[in-house]
Amino acid sequence: MTDVVALGEVMLRFDPGEGRIRTARTFQVWEGGGEYNVVRGLRRCFGLCTAVVTALADNAVGRLVEDLVLQGGVDTSLIRWTPDDGIGRTARNGLNFVERGYGIRGALGVSDRAHTAASQLRKGDVDWDTIFAAGVRWFHTGGIFAGLSDTTVDVADEAMAAARRHGLTVSYDPNYRPSLWAGRGGPERARETDLRLARHADVVVGALGMAGRHPGADRISTDEVPDALASVAGLLPDAQVLATTLREVPSAGVNDWSSAAWSAETGYVIGPRMPGLHVLDRIGSGDGFAAGLIHGLLAGTDLERALAYGTALGALTMTTPGDVAMASIAEVEALIAGASAAVRR
């Protein structure tokens, strides 16, 4: 039985290591995608049975993505395969070139994902009732998938509504990406999409992204976070949990890392504080946070403990290359308990 299903695009990430995209001669290849990273973390770190709904062009690149997903232990049976026309004229697979950054040079992502198979998914393509009738407990999607095209928001809306009908817990991460909305209404349209979809969600991860006038418009200081989450709660009266990471970036390689959440039951809750966290690769840390939070909530822990799981896995995700979490549950629990970085033999 599948515990958690995610809806999102899975791309190939090309990683130049310590170098720059513009001067690279070799790349290491990983799989990644905001929504997929969550179920991958839930599978590999916490041992839950997970699956991803996505679409890939049926060629050697698509099969490489499938192989990487299989290595992550995520069920691939819900992937929709789009016929390949030989050159990607009608559908292709997404690519994501990502620099890790160093010191004063921040991380950089260059996406190559227009006209992908996942972006062409339409309402009615997926039999959600059959998927959710099989005992799934949780459904997750987010603003990255919704922002891929004018049709994917309808697919996400359809999926979230079906998940609610079947009694699943539904989570949504706004995960605003300016590049997805350039020329398509910008942050104002992204906000409209978030409000449309988050009304279906029990849990909103990255909820701070829904505060302010529109995504990216306002910088929210730490002492403003409680009021900001309260304002989001006012926009989403049916949401049970609002959670967010908190990050200060004095350097690409050193971040101050924490989290916060709100629920109607507990009010405002602060997660563990991890100042001066040394970062190898920050990409995917928010998805690691989401995976840890979801694990805690599914396991029936209180919100403070669920926040601790999310904060710890997000932190550990930043210590390894690639988008996906590579930590074990033992490492997560040891970090929560205050373990040091001393060598273990």
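Draft legend 1. Representation of the pattern of salt bridges. Using the criterion set out here, one finds 19 salt bridges in the structure. Note that Arg 13 and Asp 15 form a salt bridge whose closest N and O atoms lie 3.8 Å from each other. Judged on exposure class, the residue Arg 13 and its partner Asp 15 are both buried. Arg 13 is the salt-bridge partner of Asp 281, the closest N and O atoms lying 2.8 Å from each other. With a gap of 268 residues between them, Asp 281 in the loop between strand 15 (274-278) and helix 9 (285-298) and Arg 13 in strand 2 (residues 11-15) connect regions that are remote in the sequence. Overall, Asp 281 belongs to the buried group, its relative accessible area being 0%.

Draft legend 2. Here's a closer look at the nonpolar core. The biggest cluster of nonpolar side chains holds 50 residues, and the ones touching the most others in it are Leu 7, Trp 128, Phe 132, Phe 139, Val 204 and Leu 242. Per element, the largest residue contribution to this core is seven residues, and it comes from helix 5 (residues 152-165). With residues up to four places along the chain from it excluded, the contact list for Trp 128 reads Leu 7, Val 53, Phe 139, Val 155, Glu 158, Ala 159 and Ala 162. Counting residues in hydrophobic clusters, the runner-up holds 49 residues, among them Val 74, Val 241, Trp 257 and Met 318.

Draft legend 3. Broad picture of the packing of aromatic side chains. Tallying each qualifying case throughout the model produces seven aromatic pairs. With 5.0 Å between their ring centres and 20° between their planes, Phe 14 and Phe 97 make a pair best called stacked. Placement of Phe 14 in strand 2 and of Phe 97 in strand 7 (residues 95-99) is noted, with a sequence separation of 83 residues between them. With a centroid separation of 6.0 Å and 90° between ring planes, the pair formed by Phe 46 and Tyr 309 is classed as edge-to-face.

Draft legend 4. Looking closely at the environment of His 295. As for its position among the elements, His 295 is in helix 9. Residue classification places His 295 among the buried positions, given a relative accessible area of 11%. When the C-alpha positions of His 295 and Arg 43 are compared, they lie 10.0 Å apart, and in sequence the two are 252 residues distant. Discounting residues that sit within four places of it in the chain, His 295 has contacts with Leu 42, Phe 46, Tyr 309 and Ile 329.

Draft legend 5. Molecular detail of the side chain of Asn 96. With respect to the helices and strands, Asn 96 occurs in strand 7. Residue class for Asn 96 comes out buried when judged on its relative accessible area of 11%. At a separation of 3.3 Å, a polar atom in the side chain of Asn 96 contacts the side chain of Ser 111. Those residues in contact with Asn 96 that lie beyond four places of it in its chain are Met 11, Leu 12, Arg 13, Phe 14, Val 110 and Ser 111.

Draft legend 6. Structural context of helix 1 (residues 34-44). In terms of burial, helix 1 is a largely internal element, nine of the eleven residues being buried. Of the residues making up helix 1, those classed as buried are Gly 34, Glu 35, Tyr 36, Asn 37, Val 38, Val 39, Arg 40, Gly 41 and Leu 42.

Draft legend 7. Fine view of the sheet that holds strand 3 (residues 28-32). Strand order in this open sheet of four strands is 3-2-7-8, and the pairing throughout is mixed. The strands lining the two open edges of the sheet, one partner per strand, are strand 3 and strand 8 (108-112). Each strand of the sheet is rotated relative to its neighbour by a mean of 25°, with strand direction disregarded. Strand contacts of helix 2 (residues 60-71): strand 2 and strand 3, with the helix running at about 75° to strand 3, the strand carrying the most contacts.

Draft legend 8. Here's a closer look at the packing of helix 10 (residues 303-317) against helix 11 (residues 329-336). The geometry of helix 10 relative to helix 11 is characterised by a closest axis approach of 9 Å and an angle of 110° between their N-to-C directions. In terms of axis orientation, helix 10 runs roughly perpendicular to helix 11. Two packed elements cross with a definite hand, and for helix 10 against helix 11 that hand is right-handed. Across from Arg 305, Ala 308, Tyr 309, Ala 312, Leu 313, Ala 315 and Leu 316 in helix 10, the residues of helix 11 making contact are Glu 331, Val 332, Glu 333, Leu 335 and Ile 336. Counted by class, the contact of helix 10 with helix 11 contains nine nonpolar, no polar and three charged residues.

Draft legend 9. Highlighting the pairing of strand 9 (residues 138-142). Among the five residues in strand 9, five count as buried, and that is most of the element. Burial of the side chains of strand 9 extends over both faces: Trp 138, His 140 and Gly 142 are buried on one face and Phe 139 and Thr 141 on the other. Pairing of strand 1 (residues 4-7) with strand 9, which is carried by three bridges, proceeds in the parallel orientation. Looking at strand 9, one finds that Val 5 is bridged to Phe 139.

Draft legend 10. Structural detail: the environment of Gly 73. Along the polypeptide, Gly 73 turns up in the loop between helix 2 and strand 6 (80-82). Taking the C-alpha atoms as reference points, Gly 73 and Gly 276, 203 residues apart in sequence, are found 32 Å from one another. For Gly 73, the contacting residues outside a window of four places in its chain are Arg 43 and Arg 44.

Draft legend 11. Molecular detail of the packing of helix 5 against helix 7 (residues 186-198). Interaxial distance between helix 5 and helix 7 falls to 9 Å at its minimum, and their mutual angle equals 20°. Here helix 5 lies roughly parallel to helix 7, going by the angle between them. Between helix 5 and helix 7 the crossing geometry is right-handed. Each of Val 153, Asp 154, Ala 156, Asp 157 and Met 160 in helix 5 lies in contact with helix 7, whose residues at this interface are Thr 193, Arg 196 and Leu 197. Looking at side-chain class alone, the contact of helix 5 with helix 7 contains four nonpolar, one polar and three charged residues.

So, how was this worked out
Residues numbered from 1 in each chain as written. Predicted model: local features only at pLDDT ≥ 70, side-chain atom pairs only at ≥ 80, totals over all residues. Heavy atoms only, no water. Salt bridge = Lys/Arg side-chain N within 4 Å of Asp/Glu carboxyl O. Buried < 20%, exposed > 50% of the residue type's maximum accessible area, 1.4 Å probe, protein only. Helix = DSSP H or I, 4+ residues; strand = E, 2+ residues; numbered from the N terminus. Core = buried A, V, L, I, M, F, W, Y, C linked by side-chain atoms within 4.5 Å. Contact = heavy atoms within 4.5 Å. Phe/Tyr/Trp six-rings, centres within 6.5 Å; stacked < 30°, edge-to-face > 60°. Polar contact = N/O pair within 3.5 Å; in protein donor to acceptor, adjacent residues only side chain to side chain. Pairing = 2+ DSSP bridges. Axes fitted to C-alpha atoms, helices over the stretch in contact; angles between N-to-C directions. Parallel < 35°, antiparallel > 145°, perpendicular 65-115°, else oblique. Left-handed = near helix turned anticlockwise from the far one by under 90°. Nonpolar A, V, L, I, M, F, W, Y, C, P; charged D, E, K, R; others polar.

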